[in-house]
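Coordinate analysis (summary)
The chain contents come next:
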Amino acid sequence: MDSINKEVLGDLLHCMQYLENSGKTLQEIFTTKNLAKVMHIKAELQNFRKGGISLIEYIQIKYLR
């Protein structure tokens, strides 16, 4: 009975290590993709123009004056 429990625990440990490593890899993939999306959106916002003025100028005129 002890040998079965040790074998099961060994398999469980292996599975847990695999899941931990998989989680890290998935996190790296999604972080990279999200960073790329954020950078793309940031660039779009910086280049956005409304009526010939920048987005920052538009917000200042529309909401801050």
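As shown above, the structure is provided for reference.
Let me sum up the structure you'll find in this document. (Residues numbered from 1 in each chain as written. Predicted model: local features only at pLDDT ≥ 70, side-chain atom pairs only at ≥ 80, totals over all residues. Heavy atoms only, no water.)

Attention now goes to the overall build of the protein chain. Broken down by element type, the protein chain carries two helices and two strands. Ordered by position in the sequence, the α and β elements of the protein chain form the string α-β-β-α. Along the three orthogonal principal directions, the C-alpha set of the protein chain runs to about 80 × 20 × 10 Å. For the protein chain, the residues scored as buried account for 3% of the 65 residues in total. As displayed, the protein chain has an accessible area near 6,300 Å², and 63% of this comes from carbon and sulfur atoms. Charge-centre separation for the protein chain: the mean point of 9 positive side chains lies 23 Å from the mean point of 7 negative side chains. (Helix = DSSP H or I, 4+ residues; strand = E, 2+ residues; numbered from the N terminus. Buried < 20%, exposed > 50% of the residue type's maximum accessible area, 1.4 Å probe, protein only. Areas by Shrake-Rupley, 256 points an atom, 1.4 Å probe, with all protein chains shown as cover. Lys, Arg positive; Asp, Glu negative; His and termini not counted. Charge placed at Lys NZ, Arg CZ, Asp CG, Glu CD.)

The subject of this paragraph is the side chain of Ser54. Assignment of secondary structure puts Ser54 in strand β2 (residues 53-54). Discounting chain neighbours no more than four positions away, the residues touching Ser54 are Phe48 and Arg49. (Contact = heavy atoms within 4.5 Å.)

Here the focus is the environment of Asn5. Tracing the chain through its elements places Asn5 in helix α1 (residues 2-47). Taking the C-alpha atoms as reference, Asn5 lies 30 Å from Thr25; in sequence the two are 20 residues apart.

Quick look at the environment of Glu28 now. Position of Glu28 relative to the elements: it lies in helix α1. On the basis of relative accessibility, which here comes to 54%, the residue Glu28 falls in the exposed class. Here the alpha-carbon distance between Glu28 and Lys42, two residues 14 residues apart in the chain, equals 21 Å.

By themselves, these are just geometric observations and shouldn't be taken as functional.
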